Amino acid sequence: MSAPLTTAQDTVPLAAAVASEHRTLIISLFAVFVLATLAITVWAGRQTKDATDFYAGGRSFTGFQNGLAISGDYMSAASFLGIAGAIALVGYDGFLYSIGFLVAWLVALLLVAEPLRNSGRFTMADVLAFRLKQRPVRTAAGTSTIVVSIFYLLAQMVGAGALVSLLLGVTGDGPKRLIVALVGIVMVLYVTIGGMKGTTWVQIIKAVLLILGTLLITILVLNKFNWNVSSLLGAAAEKSGQGSKFLEPGLKYGVDSTSKINFISLGLALVLGTAGLPHILVRFYTVPTAKAARKSVNWAIGIIGVFYLMTIALGFGAAALVGAAKITAVDKSGNTAAPQLAEAVGGGAGSTWGAILLAVISAVAFATILAVVAGLTLASSASFAHDLWANVIRKGETTEKNEVVVAKIAAVVIGAVAIVLGMYATKLNAAALVALAFAVAASANLPTILYSLYWKGFKTQGATWSIYGGLISAVVLVVFSPVVSGSPEALFSGSDFHWFPLTNPGIVSIPLGFVLGWLGTVLSREEADIEKYKELEVRALTGAGAH
Amino acid sequence: MDSAPPSSTSSTSSPPTPASYSEVEASTEFGQLRRSYRNFTFPVTVAFIAWYLLYVVLSSYADSFMGTKIVGNINVAFVLGLAQFVTTFLIAWLYSRYANAKLDPGAAALKSRLEEAE
């Protein structure tokens, strides 16, 4: 994020390096979470006997449980650390993330969740490949699943890195890598031992902790302003030095016509991305029926909606009570605003309650990151094993037992990738990074999901063109955007090879994905399998023959 | 049982044959179910996406309107943002009510017809 905030750096001493006894408290709290969740994981692992248990938690969760687990999967470091930071630094413009991330759930609720639950089995590709040629479609969908998940993983690891900087001091490169490696190892243990059952319980516990932690901070913030939102906003505007501009759209995105298009591009990616996120889609398989899938989305909308409303208090609270200067001194893109706010509402640096709240919120943030990373790893390793290995490489000539073994090996490899990414994670805002994963998901996955479910004449070539076209265009545009080079916050801030002006590719790559799906279909000479589409349609709407 | 991914052939418990799927697909009851489903979800999807994009475009291009203060420091932008939350909750609730009343009974009847077809 190119936040227009360069005033801070020289005036404020580094607020990092929390006193060591407070560090002990944070580590203890986090250790309790890790040990408790690992115990549950081992218990869940004992109950995991076949592939349905491993991939789909035995389809035995209730709508409410899955609603909590979806919330746990969805409220990532981006939502908690990223949005709070974005609002704290650029005011109202940061709030777009909260709105887009929530409204997006309606696409999943109305068009995707129930038919997907009825017609698929373990992965997103099950539905896409239902009536098309298995191998090309599964190869494409498996590839895009893994790419989307890695973008998402990167955002989580950036959040972890920012937390470590806050807690251990900005210079602690060695300890930072050690902690990132530990997070990666615990996450791999969750996935390989507990499968979907264990991971789902981890999400549920984390969702409850995150909601309670956020609620506590929100109450403390509002209490400081006598429960008057207007005075909270007023204080945030005053402290920001921007006056009422801070409360209006445009501080970050209203600068010129490019940044205005950038805002629309981001808005599109947010609202269309959710229903194409593989790690969210596989959650619908953990419940027994489409009706339960609908209930779980409704619970998720309620829980996530309340959480995003509280980001107003977190973000503007951090702007008012901590201030942009102190936040950017620790993390330039604001990822540490929420824990810093916790310390401030507890009584400030040096006070006992400040330290305790900082410890609690930091531990919750670590738990959040750990759980989301586990969900991503499970979804991508499942897709590798079920789509790429079993159905493409082995052409279906394998057993489900072997498939699960391959999934576990894949989880270890993806875990290693996550650890390496985390060690070299950049200084970008976690919400902005996750928005890239949303853009890739909306461009590569959503068109094919919708065409598969609702277009009788859709063909294999349409699916592969759409998935690869959306995927490649989104990724290439990111590589040549100011996110990767040519800006101070870029991944390679030292060089400049960018030619695409927008930081989010959605406005180009999403329409491209839809157009290519249509073009590939009308130019294809293959006969559409109408009989198979009729079967898909009936199964999707009635639940007959559902797994 | 995993060689052919989720097709009727990979199911274990007496799967309905493809013929019965196309019979059901051609039935008036199924046509009605599909119409009921699409008559709700398609227009509502268009509506909420248009409403959301209107909000995004206003945020980009109508700064002074969005900055108009209503009460204290609460401006139009803030209220419209909260309105997006309200409409999202409302649509989710309306859809569930509609699905419970209009979609689930028809779907269940067709499902049992298919699963007893053999």
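Residues numbered from 1 in each chain as written. Chains lettered and ligands numbered in written order. Predicted model: local features only at pLDDT ≥ 70, side-chain atom pairs only at ≥ 80, totals over all residues. Heavy atoms only, no water.

1. Notes on the interface of chain A and chain B
Part 1: At the interface, 69 residues of chain A touch 61 residues of chain B.
Part 2: Our count for the chain A to chain B interface comes out at four salt bridges.
Part 3: The partner of E537 of chain A in a salt bridge is R34 of chain B, and the shortest N-O contact between them spans 2.8 Å.
Part 4: Counting every contact that joins chain A to chain B gives 16 residue pairs in polar contact (both at pLDDT 80 or more).
Part 5: Looking at the side of chain A that touches chain B residue by residue, the class counts come to 35 nonpolar, 18 polar and 16 charged. (Contact = heavy atoms within 4.5 Å. Salt bridge = Lys/Arg side-chain N within 4 Å of Asp/Glu carboxyl O. Polar contact = N/O pair within 3.5 Å; in protein donor to acceptor, adjacent residues only side chain to side chain. Nonpolar A, V, L, I, M, F, W, Y, C, P; charged D, E, K, R; others polar.)

2. Notes on the packing of helix α9 (residues 173-224) of chain A against helix α13 (residues 290-321) of chain A
Residues and elements named next belong to chain A.
Part 1: One can describe the packing of α9 onto α13 by two numbers: an axis separation of 9 Å at closest approach and a directional angle of 45°. When the axes of α9 and α13 are compared, the pair comes out oblique. When the axes of α9 and α13 are compared, the crossing they make is left-handed. Within the contact between the two elements, α9 uses L210, I211, T214, L215, I217, T218, V221 and K224 and α13 uses I303, F307, M310, A313, L314, G317 and L321.
Part 2: Of the residues contributing to the contact of α9 with α13, the split by class is eleven nonpolar, three polar and one charged. (Axes fitted to C-alpha atoms, helices over the stretch in contact; angles between N-to-C directions. Helix = DSSP H or I, 4+ residues; strand = E, 2+ residues; numbered from the N terminus. Parallel < 35°, antiparallel > 145°, perpendicular 65-115°, else oblique. Left-handed = near helix turned anticlockwise from the far one by under 90°.)

3. Describing the environment of L82 of chain B
Part 1: Its place among the elements puts L82 of chain B in helix α4 (residues 76-115).
Part 2: Among residues more than four places away in sequence, those in contact with L82 of chain B are L309 and I312 of chain A.

4. Observations concerning a nonpolar patch on the surface
Part 1: A surface patch of nonpolar side chains, amounting to about 460 Å² of accessible area, comprises V208, L212, L215, I219 and W227 of chain A.
Part 2: Tracing the backbone through its elements, the reader meets W227 of chain A in the loop between α9 and α10 (229-240). (Patch = residues over 30% accessible without salt bridge, like charges linked within 9 Å, V, L, I, M, F, W, Y side chains within 5 Å. Areas by Shrake-Rupley, 256 points an atom, 1.4 Å probe, with all protein chains shown as cover.)

5. Comments concerning the pattern of salt bridges
Part 1: For the structure shown, the criterion picks out 17 salt bridges over all chains.
Part 2: In this structure, E248 of chain A engages K245 of chain A in a salt bridge whose closest nitrogen and oxygen atoms are separated by 3.6 Å.
Part 3: Of the charged contacts in the structure, one is a salt bridge between R113 of chain B and E29 of chain B, with a shortest N-O distance of 3.2 Å. A residue pair is termed long-range when its members are at least 10 positions apart, and R113 of chain B in helix α4 and E29 of chain B in helix α2 (residues 28-61) qualify at 84 residues.
Part 4: The class of R113 of chain B is partly exposed, set by a relative accessible area of 41%.
Part 5: With relative accessibility at 40%, the residue E29 of chain B sits in the partly exposed group.
Part 6: Within this structure, E114, K291 and R294 of chain A together with D104 of chain B form a network of salt bridges that share partners. (Buried < 20%, exposed > 50% of the residue type's maximum accessible area, 1.4 Å probe, protein only.)

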